[in-house]
Amino acid sequence: MDWLSGYLSPVFIHIGLPGVSAIVFITSLFLPLYSVLAVIATLTLGMREVTILAIMCLISHSLIIETAVQKRTGSSVLNMLVVRVGMSFIAAVLLNWLLPTTGFAVSHPTGQALHLTAVSDVLWLWAKSSILLIVKVSLILYGLFILQNILNEYNWLDKISAFFAPLMGFFGLSGEVSFLWVVAQTLGLAYGSAVVIEQVDKGIVKRSDANMLNYHIAVNHSLLEDTLLFASIGVSVAWIVVPRIGLAFLLVWGIHAIRWFFPKVRL
């Protein structure tokens, strides 16, 4: 990461970030946001810089897992990677332009180093964290399946779709993806992946509609948990929510426009 950050430093300086912050963004590409917060806690960064980093990481975290989910639901891996990384830098440029340069506090390193002296210690730490993660994911997934079956049994999915249909239309999406949109916003792509994949595989949602949804949630997903993570360290919710919603809106309608004027282009 240190080697990669050296090459990214000149780029990050132009979006209002110190070169060392590249390590934070690189971490987000491969790992969940909890790891990102741990890295931020070890650096001395102003809250302005943390806000810019936050929106970049909110768009481009856990790329390997989440892009795999989007591929299973009908989207191109290359398209999703380009969109997420590209929109991360566009969002950073936008915030660097909009955010005031004064009035932000400075965060100080608070991270505690963990000293492990043997391979067995590392394996034991890994085993404990993995077991906790498996239990958490299992409970969430089983809970989602139970909820989905209840909603199907009482035809509440149709009611949810009807309720959110106007909002989906505003975003340029099909009303059929309403439930999946709610899942993506509340649980994110990783935890909500099983439900998204199942609905597409069963034909409940068309792959073309799921593909358009993927463009939207590539930029704007997990509005609940992920946003609160950064809010907990002092980042303004408005600055990391409104731009993502706006960019997702522009992205989807931009794709519609491209398809209209260039019907042979596959997106």
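Every chain is numbered on its own, with residues counted from 1 as its sequence reads. For a predicted model such as this one, the threshold for reporting local features is a pLDDT of at least 70, and the threshold for listing and counting side-chain atom pairs is 80 or more; totals across whole chains, interfaces and linings nevertheless cover every residue. Only hydrogens and water are removed before side-chain values are computed, so all heavy atoms of the structure are retained for them.

**Q** I'd like a rundown of the nonpolar core, residues and numbers included.
**A** Formed by 64 residues in total, the largest nonpolar core has its most connected members in Phe-12, Val-24, Met-56, Leu-173, Val-219, Phe-230 and Ile-240. No other element matches the 10 residues that helix H4 (residues 47-60) contributes to this core. Not counting the four nearest positions on each side in its chain, Met-56 is found in contact with Phe-12, Ile-15, Leu-17, Phe-25, Ser-88, Phe-89 and Ala-92. Side-chain atoms within 4.5 Å are what join buried Ala, Val, Leu, Ile, Met, Phe, Trp, Tyr and Cys residues into a set we call a nonpolar core. A simple rule labels every residue: compare its accessible area, found with a 1.4 Å probe on the protein chains alone, to the largest value its type can have, and call it buried under 20%, exposed over 50%, or partly exposed in between. Think of it this way: any DSSP run of H or I at least four residues long counts as a helix, any run of E at least two long counts as a strand, and we number them from the N terminus. Here a residue-residue contact requires only that any non-hydrogen atoms of the pair lie within 4.5 Å.

**Q** Can you break down the packing of aromatic side chains residue by residue, with the values?
**A** Pairing of aromatic rings covers Phe, Tyr and Trp, the last through its six-membered ring, and needs centres within 6.5 Å; plane angles under 30 degrees mean stacked, over 60 mean edge-to-face, and all others mean tilted. Going through the model one piece at a time under the given rule, you end up with 8 aromatic pairs. Relative to Phe-89, the ring of Phe-25 has its centre 5.4 Å away and its plane inclined at 75°; by these criteria the two rings are edge-to-face. Of this pair, Phe-25 sits in helix H2 (residues 22-30) while Phe-89 sits in helix H6 (residues 77-98); the two residues are 64 residues apart in sequence, bridging distant segments of the chain. Three or more aromatic residues joined by ring pairs make a cluster, and in this case those are Phe-163, Phe-164, Phe-170, Phe-171, Trp-181 and Phe-249.

**Q** Before we move on, can you summarise unusual backbone geometry with the specific residues and values?
**A** Note: most peptide bonds trans; most residues except glycine with negative phi. A positive phi angle, close to 50°, is found at Ser-62, a residue other than glycine. Not every positive phi belongs to a glycine, and Ser-222 is a case in point at roughly 55°. For Ser-222, the position within the fold is in the loop between helix H11 (207-219) and helix H12 (225-231). Owing to a relative accessible area of 1%, Ser-222 belongs among the buried residues under this scheme.

**Q** Account for the environment of Ser-9, with residues named and values stated.
**A** On the secondary structure map, Ser-9 appears in helix H1 (residues 2-13). Residues Ser-9 and Ala-22, spaced 13 residues apart in sequence, show a C-alpha to C-alpha distance of 6.4 Å.

**Q** Please set out H2 residue by residue, giving values where relevant.
**A** Burial analysis of H2 places 7 of its 9 residues in the buried class, the great majority of the element. Listed in full, the buried residues belonging to H2 are Ala-22, Val-24, Phe-25, Ile-26, Thr-27, Ser-28 and Leu-29.

**Q** Before we move on, could you go through the pattern of salt bridges and cite the residues and values that matter?
**A** Salt bridges are counted wherever a side-chain nitrogen of Lys or Arg sits within 4 Å of a carboxyl oxygen of Asp or Glu. The full count for this structure, using the stated rule, is 4 salt bridges. In this structure, Glu-66 engages Arg-84 in a salt bridge whose closest nitrogen and oxygen atoms are separated by 2.8 Å. Placement of the pair is Glu-66 in helix H5 (residues 63-72) and Arg-84 in helix H6, with a sequence separation of 18 residues. In this structure, Glu-66 and Arg-84 share a single accessibility class: buried. Between Lys-202 and Glu-198 there is a salt bridge whose closest N-O contact spans 3.1 Å. On the basis of relative accessibility, which here comes to 21%, the residue Glu-198 falls in the partly exposed class.

**Q** Tell me about the side chain of Ser-178, residues and numbers included.
**A** The topology assignment puts Ser-178 in helix H9 (residues 178-186). According to the relative accessible area criterion, Ser-178 is buried, its value standing at 0%. With sequence-adjacent residues up to four places away left out, Ser-178 is seen in contact with Ile-160, Ser-161, Phe-164, Ala-165 and Met-168.

**Q** Hey, could you go over the side chain of Ser-28 for me, with residue numbers and the actual values?
**A** The residue Ser-28 is located in helix H2 in this model. Polar contacts involving the side chain of Ser-28 include one to the main-chain carbonyl oxygen of Phe-25, which spans 2.6 Å. With near-sequence residues (within four places) excluded, Ser-28 lies in contact with Val-36, Cys-57, Ser-60, His-61 and Ser-62. Polar contacts, as used here, are pairs of N or O atoms within 3.5 Å; protein pairs need one atom able to donate a hydrogen and one able to accept it. Residues neighboring in sequence count only if both atoms are side-chain atoms.

**Q** Give me the lowdown on the environment of Tyr-191, citing residues and values where you can.
**A** Residue placement: Tyr-191 occurs in helix H10 (residues 188-201). Given the relative accessible area of 15%, Tyr-191 is considered buried. Sequence separation of Tyr-191 and Ser-222 is 31 residues, and the distance between their C-alpha atoms is 9.9 Å.

**Q** Residue-level account of the environment of Met-212, with values.
**A** Within the secondary structure, Met-212 sits in helix H11. When the C-alpha atoms of Met-212 and Trp-253 are compared, they prove to be 9.8 Å apart, with 41 residues separating the residues in sequence. Look past the residues within four positions of Met-212 in its chain and what remains in contact with it is Leu-173, Val-252, Ile-255, His-256 and Arg-259.

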